[in-house]
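Given next are the chains, with one letter for each unit.
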Amino acid sequence: MLDNSKPDPTVTADVVILGSRRLQGLSLLLTVLVVVANLGVPALDAGAALHGLLVVVGYSLARAVHTSVIDGSWRVPLVVGMAGRVLPTVAVTVGLVEGYRRLTDSTSMSYEYLIPVAVVAVIGLLAPWVLTVGQRRVGQLRRSVVLLTVAGAVAVGGLVAAEALIGASAVLVGLALGTFPLASLHRHPPTRLVWPAAVGLIGLMIAPETGMAVVDVGVRLALVAFCMSVLTASDIVGSLPAVLSRALASIPVHRLASRAFGLYLWHVPFYYGLAGDELGRWPGWVEFVSVLVLSLAAAITTYRRIELPAQAAIRRLAGRWFDEDTVVPPALKAEERRLVRWNELRLERLPYLPIPSRPMGLRRPSRLRSVTTDIDLRDGSRGGPSHGVDDRRGGATGSDADRRPGERPPPPQRPRRRSERIHTDPDQAAAS
């Protein structure tokens, strides 16, 4: 396995939090569905879209934990880095909303939409210890099964006690998926289930309610978690269809995906400020477009002016006690880098692929040796009726006739370095 210790030039700071660029695009799509459903667009279930989004967030938390495991103290810097990604924006949003409510004497707005953010914060605080303590005794596969069992129990508790536990179960499903051994996913890829899962996810989000809590909340959200797990697992093993992969990994989607968190935070305050009604009711086209534009503008502003400077300050502060490389997210200037393609890299930056040093004379004979125009690998000479290849009429010619019975052919005397082969081998030099 290659040791790629240097950072990938195509990786940005948000990739570490949300996984690959395709998962970023999927999270942006689900966030937009949650926003437009809360703004009153009919035939959309905001709970189902939010449940699927929490599965992706849970998977991202698990991958951030597993990719940050190093010798020494790494858990506290990891938690500090993830908190620096979320808490400053939430604090500024709540502060501005409270100031506006006091100026206008408005008490209609509720902060219930921040409950999923609080659930993710609590699970993210415990995830570095839950996913890594006792690794020798409890492997990744067994740990994933335990997390799925706990997620099912928490979902049942959410139907009986508190609805906030439903979101916690979705995050736990994502943690289990991110902890599942990748070798098992590659051995059994969910390629055939991608399109049924995508179609089923769309159907679950537009299906009408039946009035039964067990069906509308329990069965529907369980199926949403399953469909999201299939799509996420397909992205892990690289088996997403090309149409979905190109659409989710495009550059505009990737740019907007980093602002998706701010879009979710700001759409509710602007909705209450412009429409002044409960979430889920259609305010009108003017208010709808105004809320979307203002929320996106606020998300872009808070990302540039609050999130990135806060992350830089936290990195500098944490760097006094811990290694800066253990603080997530890593380099904040990574998004400003130009995406580099492999064909644009210089030769010294390409990864080194070692060539196996197995003697070519020990390879198994193939059917190509019966062809008179192939290359005899035993002595490196070109085959033919007089160059060491068995003639079809019988007997041996060339160097084979000079050897004694039972004597092994000499190994090929060819230099290992490619540059020397080009200068010494005229046929290869002409081909190159």
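Below is a summary of the structure that appears in this document. (Residues numbered from 1 in each chain as written. Predicted model: local features only at pLDDT ≥ 70, side-chain atom pairs only at ≥ 80, totals over all residues. Heavy atoms only, no water.)

Another point: the overall build of the protein. Along its length, the protein carries 17 helices and zero strands. For the protein, buried positions account for 39% of its 432 residues. Within the protein, counting contacts between residues at least 6 apart in sequence, those at least 24 apart form 69% of the total. Carbon and sulfur atoms make up 62% of the accessible area of the protein, which amounts to about 25,500 Å² in all. (Helix = DSSP H or I, 4+ residues; strand = E, 2+ residues; numbered from the N terminus. Buried < 20%, exposed > 50% of the residue type's maximum accessible area, 1.4 Å probe, protein only. Contact = heavy atoms within 4.5 Å. Areas by Shrake-Rupley, 256 points an atom, 1.4 Å probe, with all protein chains shown as cover.)

Right, let's get into the nonpolar core. Ranked by internal contacts, the top residues of the largest apolar core, which has 64 residues, are Leu26, Leu131, Leu175, Leu201, Met228, Leu231 and Tyr264. Looking at this core, the element that brings in the most residues is helix α3 (residues 46-67), giving 11 residues. Excluding anything up to four places from it in sequence, Leu175 contacts Gly58, Tyr59, Leu61, Ala62, Ile123, Leu131 and Leu147. Counting eight residues, the second-largest nonpolar core is a separate cluster that includes Val35, Val36, Leu263 and Val291. (Core = buried A, V, L, I, M, F, W, Y, C linked by side-chain atoms within 4.5 Å.)

Here the focus is unusual backbone geometry. One non-glycine residue, Ala43, adopts positive backbone phi at about 60°. Tracing the sequence through the fold places Ala43 in the loop between α2 (21-38) and α3.

The next subject is the environment of Met82. Looking at the element boundaries, Met82 is found in helix α4 (residues 75-104). Residue classification places Met82 among the buried positions, given a relative accessible area of 12%. Sequence-wise, Met82 and Leu61 are 21 residues apart; in three dimensions their C-alpha atoms are separated by 9.0 Å.

What follows deals with the packing of α3 against helix α5 (residues 115-130). Where α3 contacts α5, the two axes come as close as 10 Å, and the packing angle between them is 20°. The angle between α3 and α5 falls in the class roughly parallel. Between α3 and α5 lies a crossing whose hand is right-handed. Taking contact as the criterion, the partners of Leu50, Leu54, Val57, Leu61 and Val65 in α3 are, on α5, Pro116, Val120, Gly124, Ala127 and Pro128. Of the residues belonging to the contact of α3 with α5, the class tally is nine nonpolar, one polar and no charged. (Axes fitted to C-alpha atoms, helices over the stretch in contact; angles between N-to-C directions. Parallel < 35°, antiparallel > 145°, perpendicular 65-115°, else oblique. Left-handed = near helix turned anticlockwise from the far one by under 90°. Nonpolar A, V, L, I, M, F, W, Y, C, P; charged D, E, K, R; others polar.)

Taken as a whole and judged by the stated rule, the model has four salt bridges. Across the salt bridge formed by Arg220 and Asp45, the nearest N and O atoms sit 2.6 Å from each other. Here Arg220, found in helix α10 (residues 213-236), pairs with Asp45, found in the loop between α2 and α3; they are 175 residues apart in sequence, far enough to count as distant. Measuring nitrogen to oxygen at the nearest pair gives 2.6 Å for the salt bridge that ties Arg85 to Glu307. You can see Arg85 sitting in helix α4 and its partner Glu307 sitting in helix α14 (residues 285-318), a full 222 residues away along the chain. (Salt bridge = Lys/Arg side-chain N within 4 Å of Asp/Glu carboxyl O.)

What follows covers the packing of α2 against α10. The relative placement of two packed helices is expressed as an angle between their axes plus a distance between the axes. At a closest axis distance of 10 Å, the pairing of α2 and α10 adopts a crossing angle of 155°. As summarised for this structure, α2 and α10 are arranged roughly antiparallel, according to the angle between their axes. From α2, Arg22, Leu23, Leu26 and Leu30 reach across to α10, where they touch Met228, Thr232 and Asp235. Taken together, the residues that form the contact of α2 with α10 break down as four nonpolar, one polar and two charged.

One can find Asp216 in helix α10. No salt bridge is formed by the buried Asp216. Its closest oppositely charged neighbour is Arg220, at 4.6 Å. Within the structure, the side chain of Asp216 is placed 2.9 Å from the side chain of Thr210, a separation counted as a polar contact. Contact partners of Asp216, with chain neighbours within four places excluded, come to Glu209, Thr210 and Gly211. (Lys, Arg positive; Asp, Glu negative; His and termini not counted. Polar contact = N/O pair within 3.5 Å; in protein donor to acceptor, adjacent residues only side chain to side chain.)

Summarising the element assignment, Thr232 is placed in helix α10. Polar side-chain contacts of Thr232 include one of 2.7 Å to the backbone oxygen of Met228. When residues no more than four places from it in sequence are discounted, the contact partners of Thr232 are Leu23, Val56, Tyr59 and Leu177.

Attention now moves to the environment of Ala62. Among the structural elements, Ala62 can be located in helix α3. The sequence separation of Ala62 and Ala127 amounts to 65 residues, and the corresponding C-alpha distance is 7.3 Å. Excluding residues that lie within four positions of it along the chain, Ala62 makes contacts with Leu131, Gly174, Leu175, Gly178 and Thr179.

Here the focus is the packing of aromatic side chains. Under the definition given, this model contains six aromatic pairs. Plain terms: the ring middles of Trp266 and Phe270 are 5.9 Å apart, the flat faces sit at 40° to each other, and that makes the pair tilted. Residue Trp266 and its partner Phe270 are both found in helix α13 (residues 260-274); the two are separated by four residues, about one turn of the helix. For Trp266, a relative accessible area of 8% puts it in the buried group. The class for Phe270 is partly exposed, based on a relative accessible area of 23%. Look at Tyr271 and Tyr272: their rings are 6.0 Å apart centre to centre, the planes differ by 80°, and that puts the pair in the edge-to-face class. Each member of the aromatic cluster is reached from another via a ring pair, and the members are Trp282, Trp285 and Phe288. (Phe/Tyr/Trp six-rings, centres within 6.5 Å; stacked < 30°, edge-to-face > 60°.)

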